[in-house]
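One letter stands for each residue in the lines below.
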Amino acid sequence: GFIVKGRSGNYSTAEDVLICTAWKKISQDASVGSDQTMSTYWKRIKEYFDERNTSGIFRSSDSLRQRWST
């Protein structure tokens, strides 16, 4: 399960790599292409991230989007 207590800690290197991997996988998915809203796009990135995240720290889609913009 995930731990939810106020602000989450800093992102680990593994989480940063996972965000990049998720972004690459979802952005290159030819079956969907560019016909998805930004909300749907980040929802899919979050789902990919959540399925593979082993840190035990909850990350919202807004948090992932903010981290990506960094």
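Residues numbered from 1 in each chain as written. Predicted model: local features only at pLDDT ≥ 70, side-chain atom pairs only at ≥ 80, totals over all residues. Heavy atoms only, no water.

Novice: Mind showing me how you'd approach the pattern of salt bridges here?
Specialist: Oppositely charged side chains can pair when the atoms bearing their charge come close. Counted under the stated rule, the structure contains five salt bridges. In this structure, Asp16 and Arg67 form a salt bridge, with 2.8 Å as the shortest nitrogen-oxygen distance. Here Arg67 lies in helix 3 (residues 61-69) and Asp16 lies in helix 1 (residues 13-27), a separation of 51 residues in the sequence. In this structure, Lys46 engages Asp50 in a salt bridge whose closest nitrogen and oxygen atoms are separated by 2.7 Å. One end of the pair, Lys46, and the other, Asp50, are both in helix 2 (residues 38-52), four residues apart, so they sit about a helical turn from each other. Given the relative accessible area of 26%, Asp50 is considered partly exposed. (Salt bridge = Lys/Arg side-chain N within 4 Å of Asp/Glu carboxyl O. Helix = DSSP H or I, 4+ residues; strand = E, 2+ residues; numbered from the N terminus. Buried < 20%, exposed > 50% of the residue type's maximum accessible area, 1.4 Å probe, protein only.)

Novice: What should I look at first to understand the confidence of the model for the protein in this one?
Specialist: Atomic detail in the predicted coordinates should be set aside for any region of low pLDDT. This prediction gives the protein a mean pLDDT of 85; 84% of its residues lie at or above 70. For the protein, helix 3 is the element with the lowest average pLDDT, namely 91, and helix 1 is the one with the highest, namely 93. (pLDDT = per-residue confidence, 0-100.)

Novice: Looking at this structure, I do not really get the nonpolar core. What am I missing?
Specialist: It is characteristic of soluble globular proteins that their nonpolar side chains tend to be buried jointly. Counting eleven residues, the largest nonpolar core is built from Tyr11, Leu18, Ile19, Ala22, Ile26, Tyr41, Trp42, Ile45, Tyr48, Phe49 and Leu64. Elements with a minimum of two residues in this core: helix 1 and helix 2. Looking at this core, the element that brings in the most residues is helix 2, giving five residues. When neighbours within four sequence positions are excluded, Leu64 is seen to be in contact with Tyr11, Ile19, Trp42, Lys46, Phe49 and Arg59. (Core = buried A, V, L, I, M, F, W, Y, C linked by side-chain atoms within 4.5 Å. Contact = heavy atoms within 4.5 Å.)

Novice: How should I be thinking about the packing of helix 1 against helix 3 in this particular structure?
Specialist: Packed helix pairs are characterised by how far apart their axes lie and by the angle those axes make with each other. Where helix 1 contacts helix 3, the two axes come as close as 11 Å, and the packing angle between them is 95°. The pairing of helix 1 with helix 3 is recorded here as roughly perpendicular in orientation. In contact with Asp16, Ile19, Cys20 and Trp23 of helix 1, helix 3 contributes Leu64, Arg67 and Trp68. (Axes fitted to C-alpha atoms, helices over the stretch in contact; angles between N-to-C directions. Parallel < 35°, antiparallel > 145°, perpendicular 65-115°, else oblique.)

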